[in-house]
Amino acid sequence: MGQRSASAPIAADFTGAGGPAEASGRAGGLVQLITPSGERVSHPEFDPWLQDITDDHLCSLFEDMSVIRRIDVEATALQRQGELALWPPLLGQEAAQIGSGRALREDDFVFSSYRENGVAYCRGVDLTDIVRVWRGNASSGWDPYSINMATPQIIIGAQTLHATGYAMGIQNDGADSAAVTYFGDGATSEGDVNEAMVFAASFQVPVVFFCTNNHWAISEPVRLQSHIQLADRAAGFGIPSLRVDGNDVLAVMAATRVALDRARRGGGPTFIEAVSYRMGPHTTADDPTRYRDANELEDWAAKDPISRVAALLDRKGLLTAELQQQVRDKADAVAREMRTGCTTMPDPQPLDVFKHVYSTPNSWLDRQQDHYARYLASFGDPAEAVSEEGAR
Ligand SMILES: Cc1ncc(C[n+]2csc(CCOP(=O)(O)OP(=O)(O)O)c2C)c(N)n1
Ligand SMILES: [Mg+2]
């Protein structure tokens with residue numbers, strides 16, 4: 001956390017408002033710096049943004065991606081064991097989340113959807129807080145100002161409005177931080193996202209629209225949502241865009257740095273389309289075998305973002321048994337901490353539901369609370385009720 005963008009000129013190959021972008025070095029219209037087989041491809045416009053990425057740095061990106069996959073597997077297991085009500089897996093989206101999350105500065109502010117638990121990890125979230133809401137234990141996971149990240153948004157696309165409003169505040173304050181909002185391919189069809197882009201473009205505010213195109217909006221394929229590339233939608237708002245290989249952690253990091261730098265310098269919003277794939281179900285309540293072809297999953301498994309970095313490290317002679325063990329140990333420790341935090345979390349009390357509704361006293365809510373307290377009391381002592389039941 002807190003890395004500063006490498007100092008480099010703004011990339012000239014934005015699509016959309018910046019003009020057509022048939023720039024050299026793009027694989028199928030995507031910015032790609034690591035091929036699926038782990039080859040580092042040079043790119044004259046994006047390489048300057050990664051000059052500070054050392055071998056150690058690459059190893060730590062590999063570790064981060066492995067850790068968030070482990071968090072995801074552990075949370076999925078917790079849900080299957082009845083410890084969580086629901087979990088939205090991020091499997092397959094590790095490069096998009098770590099590449100962008102590690103490009104942010106501490107004073108930037110994130111507005112995400114429910115799926116960016118890997119970004120929350122980059123922001124330094126308390127591991128128990130990641131699962132608090134999914135356990136049904138609280139109506140919100142953490143204090144947004146403690147990690148400069150709002151709690152996950154379930155209303156599809158609403159967070160883009162919050163980010164744009166926050167960015168207008170940054171602009172009014174004359175600060176050089178940025179707001180970054182994460183949303184999915186399906187969200188780009190929502191009014192909220194379109195309204196946010198109108199405001200962001202009108203006022204040229206420092207916001208980055210980070211769209212993870214994971215190809216599915218529950219059971220709705222992206223090909224039905226849009227007949228053009230999602231990145232090209234931004235042009236209609238006068239917002240420049242970048243379309244990157246979302247399973248390539250370096251391409252994502254470079255693109256995010258470009259967009260952040262632009263925002264910091266008063267250049268306004270940027271739309272990033274990170275092309276990735278949701279390898280798991282939409283949530284643990286979903287069964288994707290009912291609506292998608294197994295071959296599609298197989299094709300994307302061959303482009304797995306973690307295997308790709310591992311292959312790059314291997315080519316560089318860095319994927320030692322020691323590194324792999326160290327990464328496994330770290331992932332296990334993080335998963336253990338999250339599991340313990342989850343299963344030992346104190347249960348909320350019934351009247352807690354009235355907390356944090358208003359920041360100031362509210363007589364209407366107080367009346368409801370009194371009413372509910374009397375209703376609960378009408379059952380007598382719940383502990384006694386249970387023992388009487390047992391005696392019968
Ligand atoms: C305004 C609104 N409409 C519908 C839903 C139900 N819903 C939950 S997730 C989802 C799909 C979102 O797809 P996408 O934006 O691609 O994000 P992903 O889940 O793939 O990360 C929908 C329609 C919702 N939460 N909010
Ligand atoms: Mg999606």
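Residues numbered from 1 in each chain as written. Chains lettered and ligands numbered in written order. Predicted model: local features only at pLDDT ≥ 70, side-chain atom pairs only at ≥ 80, totals over all residues. Heavy atoms only, no water.

### Let's talk about the environment of A75
Quick reminder of the rule: By the criteria applied, helices consist of DSSP H or I runs no shorter than four residues and strands consist of E runs no shorter than two, each listed in order from the N terminus. Contact definition: two residues touch when any of their heavy atoms are within 4.5 Å.
If you trace the backbone, A75 turns up in helix α1 (residues 55–80). Along the sequence, A75 and D47 sit 28 residues apart, while their C-alpha atoms lie 36 Å from each other. Ignoring sequence-local partners within four residues, the contact set of A75 consists of L84, W87 and M338.

### Remarks on the coordination of the magnesium ion (ligand 2)
Note the following rule: Note on donors: an N, O or S atom is included if it sits within 2.8 Å of the metal, or within 3.2 Å for Na, K and Ca, and water is never included, so sites can look incomplete.
Coordination of the magnesium ion (ligand 2) by the protein involves D185 (OD), N214 (OD1) and W216 (O), with metal-donor separations of 2.1 to 2.2 Å. Along the chain, the residues donating to the magnesium ion (ligand 2) are arranged with the sequence spacing D-x28-N-x1-W. With D185 in the loop between β4 (179–184) and α7 (191–203) and W216 in strand β6 (residues 216–217), the pair connects residues that are 31 residues apart, well separated along the chain.

### Concerning the confidence of the model for the protein chain
Our working definition: What pLDDT conveys is the predictor's confidence in a given residue, as a value from 0 to 100.
On average, residues of the protein chain carry a pLDDT of 91, and 90% of them reach 70 or more. Every residue in residues 1–25 is under pLDDT 50, and counting partners more than four places away or in other chains gives 72 contacts.

### Focus: the domain arrangement of the protein chain
Quick reminder of the rule: Either an automatic procedure or a domain database provided the assignment from which the domain bounds are taken.
Here the protein chain is described as being made up of domain 1 (26–343) and domain 2 (350–391). Computed over C-alpha atoms only, the centres of domain 1 and domain 2 are separated by 40 Å.

### Some details on the nonpolar core
The line we're drawing: Throughout, nonpolar core names a set of buried Ala, Val, Leu, Ile, Met, Phe, Trp, Tyr and Cys residues whose side chains join them through atoms within 4.5 Å. Between buried and exposed lies partly exposed: a residue is buried under 20% and exposed over 50% of the maximum accessible area for its type, with that area taken using a 1.4 Å probe on protein chains only.
Of all hydrophobic cores here, the largest spans 72 residues; its most connected members are F62, L84, V131, F210, V249, L250 and L313. The biggest single contributor to this core is helix α10 (residues 249–264), with 11 residues. Beyond its immediate sequence surroundings of up to four residues, V249 is in contact with I34, L61, M65, A95, I98, G99 and V309. If you look at the next biggest cluster of nonpolar residues, it comprises 22 residues, including A187, V205, V222 and A234.

### Details of the site of ligand 1
Threshold: The nearness test applies per residue and asks whether one of its heavy atoms lies within 4 Å of the molecule or strand. By the criterion applied in these results, polar contacts are pairs of N or O atoms within 3.5 Å in which, for protein atoms, one can donate a hydrogen and the other can accept it, and in which residues neighboring in sequence qualify only through two side-chain atoms. In these tables, accessible area is a Shrake-Rupley quantity obtained with a 1.4 Å probe, and a residue counts as shielded only by the protein chains included in the view. Residue polarity follows a fixed list, in which Ala, Val, Leu, Ile, Met, Phe, Trp, Tyr, Cys and Pro are nonpolar, Asp, Glu, Lys and Arg are charged, and the others, Gly among them, are polar.
Not every one of the 15 residues close to ligand 1 is listed here, only the nearest: Y114, R115, G186, A187 and W216. The contact in question runs from a nitrogen atom of ligand 1 to an N or O atom on the backbone of I156, over 3.1 Å. Contact between ligand 1 and A187: an oxygen atom at 2.9 Å from a main-chain N or O atom of the residue. In the complex, the protein chains occlude 71% of the 580 Å² of accessible area that ligand 1 would expose alone. Of the residues that constitute the shell around ligand 1, the class distribution is eight nonpolar, four polar and three charged.

### Quick word on helix α6 (residues 158–173)
Short version of the rule: Helices are assigned an expected span. That span is 1.5 Å times one less than the residue count.
Helix length check: α6, at 16 residues, gives a terminal C-alpha distance of 23 Å against a target of 22 Å (1.5 Å per residue), a fit within 8%. Among all positions of α6, only A158, Q159, T160, A163, T164, A167 and I170 are buried. Contact partners of the buried residues in α6: β3 (109–111), β4, α7 and β5 (207–213).

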